[in-house]
Amino acid sequence: MGIARLVLVGLAVSAVVVLIVLGVLSLAGSLGSGAPTASPAPSDAVSSAVASPPPSATPERVPTVLVECLRERCPTVFVKITGGDVLLDREMEFGEQFRSFDPKVDVVLADSAAVRVEVNGAVRSPGKAGERQEFTASR
């Protein structure tokens, strides 16, 4: 009976160690992916995976809103589904694009002159340098 207890204690300690290691790895992964100093390749992959429409045989759909960074680094761009989930809340890098096909989205631009914005395929006029803009785009 003494050996069985030792085995159970050993298994419990092993389980706790495994859970701690998994927690640390998960935390490190989530902190690393949201860091503003991350390379552009992962952010491009994330924005492409999240924002691009599913492939289909029909011609390309026009997004409700398209935001493209025109500078080396564009200040925070915030896009969320009206009354719902946040789609984008970070700085963008030159040439990076974000597309949303949701029927209604709220957009906040920290510097509206740093980005090119299309709403339903029509280019939205940029603001002055450093001007903050917020608007709702509907399909």
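The structure presented is a predicted model; accordingly, all values stated were derived computationally and were not measured. Sequence order sets the numbering: in each chain, residues are counted from 1 along the sequence as written. Per-residue local features are limited, in this predicted model, to residues with pLDDT of at least 70; the limit for side-chain atom pairs, both in listing and counting, is 80 or more; totals at the level of whole chains, interfaces and linings are taken over all residues. Each side-chain value is derived from all of the structure's non-hydrogen atoms; neither hydrogens nor water enter the calculation.

1. Notes on the sheet that holds strand S7 (residues 122-124)
Think of it this way: DSSP has to see at least two bridges between two strands before they count as a pair. In this text, helices come from DSSP runs of H or I with a minimum length of four residues, and strands from runs of E with a minimum of two, each type numbered from the N-terminal end. The strand order S4-S1-S6-S7 describes an open sheet built from four strands, whose pairing is antiparallel. Taken across any chain shown, the strands that pair with only one partner, and hence form the sheet edges, are strand S4 (97-100) and S7. Direction aside, the axes of adjacent strands within the sheet are offset by 20° on average. Strand direction decides the pairing type here: strand S6 (residues 115-119) and S7, joined by three bridges, are antiparallel. Residue pairing in the sheet places Val117 in a bridge with Arg124 of S7. A fitted line through C-alpha atoms serves as each axis, taken over the contacting stretch for helices, and the angle formed by two N-to-C directions is quoted from 0 to 180°.

2. Thoughts on the sheet that holds strand S3 (residues 86-93)
Paired through backbone hydrogen bonds, the strands of a sheet run either parallel or antiparallel to each other. Across the sheet, four strands lie side by side as S3-S2-S5-S8; this open sheet has antiparallel pairing. Because the sheet does not close on itself, it has two edges, and the strands there are S3 and strand S8 (133-138). Each adjacent strand pair in this sheet contributes to an overall mean axis angle of 15°, direction not counted. Across six bridges, the pairing between strand S2 (residues 73-81) and S3 is antiparallel. Pairing of Lys80 across the sheet is with Val86, part of S3.

3. Thoughts on the pattern of salt bridges
Note that side chains of opposite charge can pair when their charged atoms are close. Every case where a carboxyl oxygen of Asp or Glu lies within 4 Å of a side-chain nitrogen of Lys or Arg is listed as a salt bridge. Here the structure, examined in full by the defined rule, presents seven salt bridges. The residue Asp111 makes a salt bridge to Arg71 at a minimum N-O spacing of 2.8 Å. Of this pair, Asp111 sits in the loop between strand S5 (104-109) and S6 while Arg71 is found in the loop between strand S1 (65-69) and S2, placing the two residues 40 residues apart along the sequence. When accessible area is computed with a 1.4 Å probe and restricted to protein chains, residues below 20% of their type maximum are described as buried, those above 50% as exposed, and intermediate ones as partly exposed. Assessed through its relative accessible area of 34%, Arg71 is described here as partly exposed. Salt-bridge contacts for Glu91 lead to Arg73; the nearest nitrogen and oxygen are separated by 3.2 Å. You can see Glu91 sitting in strand S3 and its partner Arg73 sitting in strand S2, a full 18 residues away along the chain. When its relative accessible area of 39% is taken as the criterion, Arg73 is described as partly exposed. Bridged by salt links that share partners, the residues Glu68, Arg116 and Glu118 form one connected network.

4. Quick notes on the nonpolar core
Core analysis: the largest hydrophobic core is formed by 18 residues, its most contacted members being Val77, Met92 and Val117. By definition, residues are in contact when any of their heavy atoms lie within 4.5 Å. Here Met92 is in contact with Val67, Cys69, Glu72, Arg73, Cys74, Val77, Gln97 and Phe98, once residues within four sequence places are set aside. What makes a nonpolar core is a set of buried Ala, Val, Leu, Ile, Met, Phe, Trp, Tyr and Cys residues whose side-chain atoms join them at distances within 4.5 Å.

5. With respect to the confidence of the model for the protein chain
Confidence along the protein chain averages 82 in pLDDT terms, with 79% of residues attaining 70 or more. Every residue gets a pLDDT, meaning the predictor's confidence in that residue, from 0 to 100. A low-confidence stretch, residues 35-49 stays under pLDDT 50, and its non-local contacts, those more than four residues away or across chains, total eleven contacts.

6. Examining the environment of Gly130
If you trace the backbone, Gly130 turns up in the loop between S7 and S8. In sequence terms Gly130 and Asp111 are 19 residues apart; their C-alpha atoms lie 4.6 Å from each other. Gly130 has contacts with Ala110 and Asp111, leaving out every residue within four places of it along the chain.

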